[in-house]
Amino acid sequence: MLNKINRFTAVEYLKVFFPAVRREIVKLSEQNNFPGVVQVTVDDIKVLTEKSNVQKINISIKRMYWIYKNGNSYIRYIIENLFVRSFGNLRKNLKPQQWKFLYQEIPKDFRTVYSEQTKKDQNLKF
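Residues numbered from 1 in each chain as written. Predicted model: local features only at pLDDT ≥ 70, side-chain atom pairs only at ≥ 80, totals over all residues. Heavy atoms only, no water.

Peer 1: Explain the packing of helix 2 (residues 22–30) against helix 3 (residues 34–50) residue by residue, including any values.
Peer 2: Their axes nearest at 8 Å, the elements helix 2 and helix 3 cross at an angle of 165°. Comparing the axis directions of helix 2 and helix 3 gives the class roughly antiparallel. Handedness of the crossing formed by helix 2 with helix 3: right-handed. Counted together, Glu24, Ile25, Leu28 and Ser29 of helix 2 and Gly36, Val37, Val40 and Thr41 of helix 3 form the full contact between these two elements. (Axes fitted to C-alpha atoms, helices over the stretch in contact; angles between N-to-C directions. Helix = DSSP H or I, 4+ residues; strand = E, 2+ residues; numbered from the N terminus. Parallel < 35°, antiparallel > 145°, perpendicular 65-115°, else oblique. Left-handed = near helix turned anticlockwise from the far one by under 90°. Contact = heavy atoms within 4.5 Å.)

Peer 1: I'd like to hear about the packing of aromatic side chains, residue by residue, with values.
Peer 2: On inspection of all chains with the given rule, the structure shows 14 aromatic pairs. Taking the centre distance of 5.9 Å and the plane angle of 75° together, the rings of phenylalanine 83 and phenylalanine 87 count as edge-to-face. The class for phenylalanine 83 is buried, based on a relative accessible area of 1%. Residue class for phenylalanine 87 comes out buried when judged on its relative accessible area of 1%. Connected via pairs of aromatic rings, a cluster forms that spans Tyr65, Tyr68, Phe83, Phe87, Trp99, Tyr103, Phe110 and Tyr114. Above the ring of tyrosine 68, the side-chain terminus of arginine 76 is found at 4.2 Å from the ring centroid. (Phe/Tyr/Trp six-rings, centres within 6.5 Å; stacked < 30°, edge-to-face > 60°. Buried < 20%, exposed > 50% of the residue type's maximum accessible area, 1.4 Å probe, protein only. Lys NZ or Arg CZ within 6 Å of the ring centre and 35° of its normal.)

Here it is, written out as structure tokens:
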């Protein structure tokens, strides 16, 4: 069995997968701030959203999913609670047809996590 990806290995992948924010990723990883690193990737996707670059958003989500799928429990927890949680803002900021296309492309595990989060959030409102 292969070893699960830890935060140090994940950072190395993220530096390659998100070249536009590589400098910020390096800085935050030097401070041992993996949640900050993931937040930087969320912010990068927000910029892509403003440019309506759905294809690049799709690629970024698939890259993060690969890390999630191969990551240890800490990696998965942080990605679920920062990266997947950001899908709500993606949905708000994209045109309905863009979100529909993107949602169909999101890996099933991420869709499931997002759906569970949305249900929990709705229950908290009532």
